[in-house]
Amino acid sequence: MSVSTAAADQSLCTPLPVLGRDVTVPLVTGGEVTYAALDYAASAPALQRVWDDVAAYAPYYGSVHRGAGYLSQLSTDLFENARRTVAEFLGCRAGDQVVFTRSTTDSLNLLARAIPAGCQVFVFETEHHASLLPWQHADVTYLDAPRTPGRAVQILERALADRDPHGPALVCVTGASNVTGELWPVRELAAAAHAHGARIVLDAAQLAPHHPVSVADLDVDWIALSGHKLYAPFGSGVLAGRADWLQAAEPYLAGGGASRRVTRREDGGVAVEWHETAARHEAGSPNVIGAYAIAAACKALTEAGWDTLVAREQHLIAKVRAGLAEVPEVRVLSLFGDDAPRVGVLSFVVDGWNSSHFAAALSAEYGIGVRDGLFCAHPLVRTLLGSDPQTQGECGAPEAAPGEKSLNAIRVSFGAGTPDEHVDRFVNAVRELVRDGAKWQYRTEEGRCVPAV
């Protein structure tokens with residue numbers, strides 16, 4: 001083996017350093033084990049590099065914009081440089097704006113407030129609630145769950161062909177499902193939207209941490225994402241894309257920073273001239289550390305190399321899928337089929353187990369953190385589990401209305417910071433729990449399945 005090949009193989013096997021990688025947790029059966037964080041789709045651990053960058057800046061923290069002091073000017077430079085870094089990371093076009101928000105949810109609600117009057121919105125029922133729900137005050141059309149990527153494009157084209165062609169329209173679509181991890185045909189959906197005079201916003205919360213994402217290459221009008229899924233802490237998000245609707249809309253929040261000039265009117269009120277830059281929708285003191293952390297994560301992922309990151313994640317996905325396939329009682333959920341490309345997110349159910357019970361046993365007996373439930377994508381999970389009722393009354397089983405089925409699933413998710421050992425431990429734990437059952441007794445407490453004491 002050549003030196004270069006050996007180095008490539010080594011890089012493929014090495015996760016990026018993240019916070020918490022050496023944290024140990026107690027097991028109900030005795031002893032401790034290094035915690036296996038396999039819930040990246042909810043919140044990914046912060047990269048050590050991001051944490052170090054933020055810690056280096058912290059002593060120089062100061063208020064941004066309009067401050068005369070050195071630390072204020074330094075913080076302002078860092079904040080605006082972060083905006084430029086994110087714009088480059090997302091492949092923004094000349095004239096696009098990058099608005100810092102609190103999260104993907106906040107970004108899409110901001111855009112929902114900015115759409116023109118009479119705008120028709122089209123959104124698949126398969127979306128996360130962050131991109132499914134903000135449009136309820138608009139003329140919204142919810143599209144049925146497609147079973148192939150090609151069918152998704154057909155459903156959208158048919159819906160757009162039936163719309164009023166003279167008014168504005170917006171399509172909202174995810175890049176990668178937070179339930180199945182499957183990649184959506186974003187470029188094809190964008191082409192369909194634009195062919196019918198509509199714009200498109202991409203929910204990249206689950207895509208951006210796993211794949212390069214470009215406004216220009218995908219030909220989308222906006223991208224929304226969250227820092228806490230992009231290996232950055234501190235609750236910050238981004239809405240990036242076309243400026244015109246944002247500039248024409250009333251500010252998302254009214255206050256200092258969004259206003260350029262405020263004067264008293266003769267009638268006793270105030271007249272406000274709002275900024276036309278991203279500041280228009282960033283009223284108040286911005287989350288400088290959050291923006292800086294997102295920019296640091298963008299730099300770290302870019303420098304690590306997307307080819308290496310994607311190859312390593314596909315290696316982990318293959319391990320998980322192969323391991324689960326060896327357990328007949330496990331059914332992996334899929335919208336587009338087993339061969340669909342995906343990121344490191346998989347959901348499944350286990351025959352004979354309530355999902356909350358299974359997830360609780362993974363945590364308490366193996367030190368593995370996964371997620372169970374409907375994953376803030378209730379219509380999608382209900383569609384995928386429509387034929388899989390789970391016994392009500394079992395530990396942690398979610399309540400169901402009379403005549404409804406009690407449904408939930410288990411989700412395992414991972415990424416750039418996940419060691420092979422965590423994935424191997426997860427696969428072995430699934431196999432042991434199905435074969436031998438739980439070693440401990442569990443009970444329901446406030447709707448959750450927890451170890452009995």
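What counts and what doesn't
- Here the residue index of a chain counts from 1 through its sequence in written order.
- Two thresholds apply to this predicted model, a pLDDT of at least 70 for residue-level local features and 80 or more for giving and counting side-chain atom pairs, whereas whole-chain, interface and lining totals are computed over all residues.
- Where side-chain values are given, they derive from all heavy atoms of the structure, hydrogens and water being excluded.
- Per the convention used, a helix needs a DSSP run of H or I reaching at least four residues, while a strand needs a run of E reaching at least two, with both numbered from the N terminus.
- With C-alpha atoms as the basis for the radius of gyration, the globule rule is written as 2.2 Å multiplied by the number of residues raised to the power 0.38.
- In what follows, a contact means two residues having at least one pair of non-hydrogen atoms within 4.5 Å.
- Per-residue and other accessible areas follow the Shrake-Rupley method at a 1.4 Å probe size, with only the shown protein chains counted as cover for residues.
- The term polar contact refers here to a pair of N or O atoms within 3.5 Å; inside protein, the definition further demands a hydrogen-donor-capable atom paired with an acceptor-capable atom, and it admits residues adjacent in sequence only when both atoms are side-chain atoms.
- For the exposure calls, accessible area comes from a 1.4 Å probe over protein chains only, and a residue counts as buried if that area is under 20% of its type's maximum, exposed if over 50%, partly exposed in between.
- Strands qualify as paired when DSSP identifies two bridges or more between them.

Student: Explain the overall build of the protein chain here, please?
Tutor: Summing up its helical and strand segments, the protein chain has 14 helices and 19 strands in all. What you see for the protein chain is a C-alpha radius of gyration of 23 Å, in line with the 22 Å of a compact globule of 453 residues. For the protein chain, the spread of C-alpha atoms along the principal axes amounts to about 80 × 55 × 55 Å. The long-range fraction of contacts in the protein chain, counting pairs at least 24 apart against all pairs at least 6 apart in sequence, stands at 71%. Summed over its atoms, the accessible surface of the protein chain is roughly 19600 Å², and 52% of this surface lies on carbon and sulfur atoms.

Student: Just to check I follow, could you spell out unusual backbone geometry for this structure?
Tutor: Both trends apply: most residues other than glycine have a negative phi, and most peptide bonds are in trans. One non-glycine residue, Y231, lies in the positive phi region at around 70°. Mapped onto the elements of the fold, Y231 is located in the loop between β9 (222-226) and β10 (237-241). The phi torsion at E446 lies on the positive side, around 50°, for a residue other than glycine. Relative to the helices and strands, E446 resides in the loop between β18 (442-445) and β19 (448-451).

Student: Help me understand the side chain of D372 in this model?
Tutor: Relative to the helices and strands, D372 resides in strand β16 (residues 371-373). Engagement of the side chain of D372 in a polar contact is seen with the side chain of S356, the distance being 2.6 Å. Side chain to side chain, D372 and R448 meet in a polar contact 2.8 Å long.

Student: Please clarify how the pairing of strand β8 (residues 199-203) should be interpreted in this entry.
Tutor: If a strand is regular, its side chains alternate between the two faces of the sheet. The buried fraction of β8 amounts to 5 of the 5 residues, a majority that puts the element mostly inside the structure. Residue alternation in β8 divides its side chains into two sets, R199, V201 and D203 and I200 and L202, and both sets are buried. As defined by bridge partners, strand β7 (residues 169-174) adjoins β8 across 5 bridges and the pair is classed as parallel. Of the residues in β8, the one forming a bridge with T174 is D203.

The quantities given are spatial measurements derived from coordinates; they are silent on function.
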